[in-house]
Amino acid sequence: MKNLTIDMIDKVRDTIKTQKMLSDGDFVLAAVSGGADSVSLLRLLCILKDEYSLTLAAAHINHGIRGDEALRDENFVKELCMDYGVPLYICHANVPFESKKTGESEEECGRRIRYEFLSEKAQGGKIATAHTLNDSLETIVFNLSRGSGLKGLCGIPPIRNNIIRPLSNCTREDVEEFCKNEGLSFMTDSTNIDDEYRRNFIRHNIIPRLNNLNPSLYSAVSRMIAQNRRDENFLET
């Protein structure tokens, strides 16, 4: 393995250890969309599987939004999991129909359906999602725009109940370098370019400007998140 791969494994291993995400013999259900983040997550869990004596499975949700492209992603994840020898659970949903019925936005509805399915299949085990430091920054900016208090400026928690996020200290650049280094293929979701989705608008229009202000943006954000979480935990205590 090249140094970049070793660095990524060490970073994820350190996050798992520091946050006490895993115990020997855990069952871990990885949420795999087929994108670079989730493909990296599954690969890293496979690398660390024997170290923690893990039982691994994967879950994929077809939200019923992107037609043939969604089917392409589903088939890609099926093949990926077959290659890794990882059991796969698939959920077929109709998020546009369901969101109209419930009055939720498609984003909210998709998230609810996703976590309901993951919880059902995990059966009390660990659920691993591929959220990165970039996702945390996008969440912070969105919460800031709504006038959030301290809790909303702590980013996406690395652990919440049985949900773990081993990539929470990795950037999307780390993930892309890891994929390149490991020769990992991944799918690109065409809705990621649609600025009608709030996260996309933040990702495409706000984060680049912040990065122009501070080229070390993610190091600064990581420090801020750590400080905010310490303060929030102290106040909660």
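These numbers come from a predicted model, not from an experiment.

Draft legend 1. The arrangement of the overall build of the protein chain in detail. Helices and strands together make up the secondary structure of the protein chain, namely nine helices and six strands. Relative to the 2.2 N^0.38 estimate, which gives 18 Å for 237 residues, the radius of gyration of the protein chain is 18 Å and therefore close to what a compact globule would have. Along the longest, intermediate and shortest principal axes, the C-alpha atoms of the protein chain span 45 × 45 × 35 Å. Looking at the protein chain as a whole, 43% of its 237 residues are labelled buried. Pairs at least 24 residues apart make up 77% of the contacts formed inside the protein chain by residues separated by at least 6 positions.

Draft legend 2. Geometry of the packing of helix α6 (residues 133-145) against helix α9 (residues 217-236). The geometry of α6 relative to α9 is characterised by a closest axis approach of 10 Å and an angle of 70 degrees between their N-to-C directions. Considered as vectors, α6 and α9 are oriented roughly perpendicular to each other. Considering the relative orientation of α6 and α9, their crossing is left-handed. Residues Leu133, Asn134, Ser136, Leu137 and Ile140 of α6 pack against Leu217, Tyr218, Val221, Ser222, Met224, Ile225 and Arg229 of α9. The residue inventory of the contact of α6 with α9, partitioned by class, reads eight nonpolar, three polar and one charged.

Draft legend 3. Spotlight on the nonpolar core. The biggest cluster of nonpolar side chains holds 35 residues, and the ones touching the most others in it are Leu22 and Leu167. Elements that contribute at least two residues to this core include exactly α1 (3-18), β1 (27-31), α2 (36-52), β2 (55-62), α3 (68-84) and α7 (172-182). When neighbours within four sequence positions are excluded, Leu167 is seen to be in contact with Met8, Val12, Asp37, Leu41, Leu44, Ala130, His131, Thr132, Leu133 and Val175. Core analysis: the second largest hydrophobic core is formed by 16 residues, Ala59, Cys91, Val95 and Ala122 among them.

Draft legend 4. Quick look at the pattern of salt bridges. According to the stated counting rule, one finds 19 salt bridges in the structure shown. A salt bridge links Asp37 to Arg172, with the shortest nitrogen-to-oxygen separation between them at 3.8 Å. Residue Asp37 is found in helix α2, and its partner Arg172 is found in helix α7; the two are separated by 135 residues along the sequence. Since its relative accessible area comes to 15%, Asp37 is described here as buried. Linking Arg43 and Glu182 is a salt bridge whose minimum nitrogen-to-oxygen distance equals 2.9 Å. Residue Arg43 is found in helix α2, and its partner Glu182 is found in helix α7; the two are separated by 139 residues along the sequence. Where salt bridges share partners, they join Asp37, Asp135, Glu138, Arg172, Arg199 and Arg203 into one cluster.

Draft legend 5. Quick peek at the pairing of β2. Judged by how many residues are buried, β2 sits mostly within the fold: seven of eight residues are covered. In this structure, β1 lies alongside β2, joined through five bridges in parallel fashion. When the sheet's bridge partners are listed, Val28 is paired in β2 with Leu56. The parallel pair β1 and β2 is bridged by α2, and the resulting crossover is right-handed.

Draft legend 6. Examining the sheet that holds strand β6 (residues 163-164) more closely. If you walk across this open sheet you meet the six strands as β3-β2-β1-β4-β6-β5, and the pairing is mixed. Bordering the open sheet on either side are β3 (88-92) and β5 (159-160), each of which pairs with just one other strand. In this structure, β5 lies alongside β6, joined through two bridges in antiparallel fashion. From the neighbouring strand, Arg160 faces β6, where its bridge partner is Ile163. Running over the sheet, α2 touches β1, β2 and β4 (126-128) and is turned about 160 degrees from β1. Taken strand by strand, α3 contacts β2 and β3, and its axis lies near 170 degrees from that of β2.

Parameters and conventions
- The numbers attached to residues start from 1 for each chain and follow its sequence in the written order.
- Local features in this predicted model are restricted to residues whose pLDDT is 70 or higher, and side-chain atom pairs enter the listing and the counts only when it is 80 or higher, whereas totals over whole chains, interfaces and linings include all residues.
- Each side-chain value is worked out from all heavy atoms of the structure, with water and hydrogens disregarded.
- Helix and strand labels come from DSSP, where a helix needs a run of H or I of at least four residues and a strand needs a run of E of at least two; each type is numbered from the N terminus.
- As a reference, a globule follows 2.2 Å times the number of residues to the power 0.38, and the radius of gyration itself is taken over C-alpha atoms.
- Per-residue accessibility, obtained with a 1.4 Å probe over protein chains only, is compared with the maximum for each type, and a residue is labelled buried under 20%, exposed over 50%, and partly exposed between these values.
- Throughout, a residue-residue contact means that at least one pair of heavy atoms, one from each residue, lies within 4.5 Å.
- Axis definition: a line fit to C-alpha positions, over the contact stretch in the case of helices; interaxial angles, taken between N-to-C directions, run 0 to 180 degrees.
- Reported orientations rely on four angle classes, namely roughly parallel under 35 degrees, roughly antiparallel over 145, roughly perpendicular from 65 to 115, and oblique for the rest.
- Left-handed describes a crossing whose near helix is turned anticlockwise from the far helix through less than a right angle; right-handed describes the clockwise counterpart.
- Under the scheme applied here, ten amino acids are nonpolar (Ala, Val, Leu, Ile, Met, Phe, Trp, Tyr, Cys and Pro), four are charged (Asp, Glu, Lys and Arg), and all others, including Gly, are polar.
- Only buried residues count toward a nonpolar core. Its members are Ala, Val, Leu, Ile, Met, Phe, Trp, Tyr and Cys residues joined through side-chain atoms within 4.5 Å.
- Salt bridges are defined as contacts in which a side-chain nitrogen from Lys or Arg sits within 4 Å of a carboxyl oxygen from Asp or Glu.
- Here, any two strands with at least 2 DSSP bridges between them count as paired.
- When the strands point away from the viewer and the connection leading from the first strand across the helix to the second strand turns clockwise, the crossover is called right-handed.

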